[in-house]
Amino acid sequence: MIAVAFASLFAFSSPAFAASPPKGYVVKTAGAQVWLDLTAADGAAPGREFQVFEEGADLKHPVTGEYLGKTTKQIANGKIEEVADKFSVGRLDEPVARVQVGQRARLTALAIAPAVPAQGPRPGEAALRAPRTRGASLPFVVTGMAVGDFDGAGKPQLVLSEEKSFRLYAYPAAEHKPLITGEIAGTGARIVSLEAADLDGDKKSELFVSVYNEPFHRLETSVYKADGGKWVKIADLPVLVRSHQNATGGRVVASQQIQDDKTFPFGAVYPLIYQDGKYAQGRPALNPKRADWLYGFTYAQLDAAGEPAALSLTAVNSLRAQFANGHWRSSEGFGQSPIRVRWHDKLLEFHPPMLATYGAKGFDKLYLVRNLAMLGGLATPFGLFNGGELHAENWTGVAFETAWKAELGGSSPGFALVEPEAGRKELVVAVAGSTGKSAVWTFDP
């Protein structure tokens, strides 16, 4: 919602929209109650504050003559009470006779969560980071998250899943009502992961919903498009789909077929491509040695002069960095997940992602999740988690070291680095609580 609010404010002040802005008007008034043309897609949500204002004179730069926007005069403040498909209803803080149909309205920026009190960590402890925002309480246990531009409007959107359904939200899901809801078919089928990418090149992200179909003992993926206010299935694939990073930090959408074979169930990991109107597995294989599971590896260029390191999670959830000569392994576990499938004698864990970021000097940080099991770790074999941490790790040249961590209000099935507006990035994290509720939190990287 922060992203949408800032985007809305930018749109209202830009010359392209100043002449005839498409959104941001009062459409009806009744005492202290007002109707606005702002919807959930614009960031409207119950409790969200708004302003009614008037536009004044144009502002131009005295030297360059560049148009800078218009002066504004605030008329009234209020809060959104209800959001419909094409409008929202708000209530003014106090009745203002000057509020009239046709006047301008805008959502105010969300309040940022207070920072952790300024006291440094104890010696040997990592700094704690507070969330930038905490989203609305969602009435389900989130099992997966995907970020993409599903309607082609040029803004990030979120899809969150529970066991059998998936929901589209305006970023960053600060309001509990979804824009579109879809559901997978079949008794005994459940969602194990989500992915988003525009592989067909139409400027709208496809949603890849990977499913475990227990009655047929199959792991497969359905592909959906958001169209006309609903999800439309466009393909079924006999593979799992998940993205990872290549050695330069680029995002690669990958796929893996799981064979019904208890001895050699894993096919190689290949890039997923769109060719001649169909999705297919490209070449060459992507997975490094010692990493045969799509949900347990990525790459990072830790040494600018050397070969990229293959980062993977071991059978006991240690983080392993494999180099051309030698390797490093963490003493603590990462990537633990309650999303798991028993496949013959193997346990397939659908780990949260690992994400490497880069700056002007090369590798910057590795972000990953550490979910915490109930009962002091005794519930780990059963996939029962009631807490989690988001870690930001520095590479010291010989080992990973925690730069900071954030304590989550529950376990996390996934996170992503998002650029909600030009020049500003944030980490968006799906958090599943132990009470059957979920939320979306954001953090400064």
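This structure is a prediction, so every number in the text was calculated from the model and none was measured.

Enquirer: Just checking my understanding: could you explain the overall build of the chain for this structure?
Expert: Scanning the chain from terminus to terminus reveals 2 helices and 33 strands. Whereas a compact globule of 445 residues would reach a radius of gyration of roughly 22 Å, the chain reaches 24 Å, a difference of no more than 12%. Residue pairs at least 24 apart in sequence account for 51% of intrachain contacts in the chain once pairs closer than 6 positions are excluded. Split by element, the accessible area of the chain, about 21,000 Å² in all, is 51% carbon and sulfur.

Enquirer: How should I be thinking about the pattern of salt bridges in this particular structure?
Expert: Two side chains with opposite charge may pair up if their charged atoms get near one another. Throughout the structure, instances matching the rule amount to 20 salt bridges. Note that Asp364 and Lys365 form a salt bridge whose closest N and O atoms lie 3.6 Å from each other. Given the relative accessible area of 34%, Asp364 is considered partly exposed. Where Glu389 meets Arg370, a salt bridge forms, and the shortest distance between an N and an O atom there is 3.6 Å. Of this pair, Glu389 sits in strand β29 (residues 385-395) while Arg370 sits in strand β28 (residues 362-373), placing them 19 residues apart in sequence.

Enquirer: What is the right way to read the nonpolar core from this model?
Expert: For soluble globular proteins, the rule of thumb is that nonpolar side chains tend to be buried together. Ranked by internal contacts, the top residues of the largest apolar core, which has 21 residues, are Leu219, Leu240 and Phe350. Residue assignment for this core shows that the elements contributing at least two residues are β18 (251-258), β21 (297-300) and β25 (340-343). Per-element tally for this core: the top contributor is β18, with 3 residues.

Enquirer: Would you mind going over the pairing of strand β17 (residues 240-245) with me for this structure?
Expert: A regular strand places its side chains so that they alternate between the two faces of the sheet. Buried residues dominate β17, accounting for 6 of its 6 residues. Both faces of β17 are covered, namely the face carrying Leu240, Arg242 and His244 and the face carrying Val241, Ser243 and Gln245. In terms of strand pairing, β17 meets β18 through 6 bridges, oriented antiparallel. By the bridge assignment, Gln245 is partnered in β18 with Arg251.

Enquirer: So what exactly am I meant to see when it comes to the layout of surface pockets here?
Expert: Remark: the empty space left among the atoms is shown by a probe the size of a water molecule rolled over them. Put simply, the largest pocket is a space of about 1,100 Å³. What lines the largest pocket is a set of 47 residues, among which Val147, Arg251, Ala416, Leu417 and Val418 lie closest to the centre. The element best represented in the lining of the largest pocket is strand β31 (residues 411-421), accounting for 8 residues. Class assignment of the residues belonging to the lining of the largest pocket gives a composition of 26 nonpolar, 14 polar and 7 charged.

Enquirer: Looking at this structure, I do not really get the side chain of Ser205. What am I missing?
Expert: The topology assignment puts Ser205 in the loop between β13 (189-197) and β14 (206-213). For Ser205, the residues in contact, after removing those within four places along its chain, are Gly148, Asp149, Phe150, Ala197, Asp198 and Lys225.

Enquirer: Just checking my understanding: could you explain empty space enclosed by the protein for this structure?
Expert: Going through the model one piece at a time under the given rule, you end up with 3 cavities of 30 Å³ or more. Taken as a whole, the largest cavity spans an internal volume of roughly 80 Å³. The wall of the largest cavity is formed by Arg242, Ser243, His244, Leu294, Tyr295, Gly296, Phe297, Thr298, Pro352, Pro353 and Met354. No other element matches β17, which puts 3 residues into the lining of the largest cavity. A class-by-class count of the residues in the lining of the largest cavity yields 6 nonpolar, 4 polar and 1 charged.

Enquirer: Explain the packing of aromatic side chains here, please?
Expert: Working definition: an aromatic ring pair is given by the centre-to-centre distance plus the angle between the planes. This structure, assessed with the given rule, holds 19 aromatic pairs. Pairwise contacts between aromatic rings join Phe323, Trp328, Tyr358, Phe363, Trp395 and Phe400 into one cluster. Over the face of the ring belonging to Phe140 we find Arg167, whose NZ or CZ atom lies 4.2 Å from the ring centre.

Enquirer: How should I be thinking about unusual backbone geometry in this particular structure?
Expert: Among all residues save glycine, negative phi is the norm, and among peptide bonds the norm is trans. Tyr171 connects to Pro172 through a cis peptide bond whose omega is 0°. Within the secondary structure, Pro172 sits in the loop between β11 (165-170) and β12 (180-183). The step from Arg283 to Pro284 runs through a cis peptide bond, and the omega angle for that step is 5°. Its identity as a non-glycine residue notwithstanding, Lys203 has a phi of 70°, on the positive side. Its place among the elements puts Lys203 in the loop between β13 and β14. Classification of Lys203 by relative accessible area gives exposed; the value is 66%. At Arg290, a residue that is not glycine, the phi angle is positive and equals roughly 70°. For Arg290, the location among the structural elements is in the loop between β20 (278-281) and β21.

Reading guide: rules and limits
Residues numbered from 1 in each chain as written. Predicted model: local features only at pLDDT ≥ 70, side-chain atom pairs only at ≥ 80, totals over all residues. Heavy atoms only, no water. Helix = DSSP H or I, 4+ residues; strand = E, 2+ residues; numbered from the N terminus. Rg over C-alpha atoms; globule rule 2.2 N^0.38 Å. Contact = heavy atoms within 4.5 Å. Areas by Shrake-Rupley, 256 points an atom, 1.4 Å probe, with all protein chains shown as cover. Salt bridge = Lys/Arg side-chain N within 4 Å of Asp/Glu carboxyl O. Buried < 20%, exposed > 50% of the residue type's maximum accessible area, 1.4 Å probe, protein only. Core = buried A, V, L, I, M, F, W, Y, C linked by side-chain atoms within 4.5 Å. Pairing = 2+ DSSP bridges. 1 Å grid on protein atoms, 1.4 Å probe; cavity = no way out; pocket = protein on both sides within 12 Å on 5 of 7 lines; lining within 4 Å. Points joined across faces, edges and corners; volume = space filled by probe spheres on them. Nonpolar A, V, L, I, M, F, W, Y, C, P; charged D, E, K, R; others polar. Phe/Tyr/Trp six-rings, centres within 6.5 Å; stacked < 30°, edge-to-face > 60°. Lys NZ or Arg CZ within 6 Å of the ring centre and 35° of its normal.

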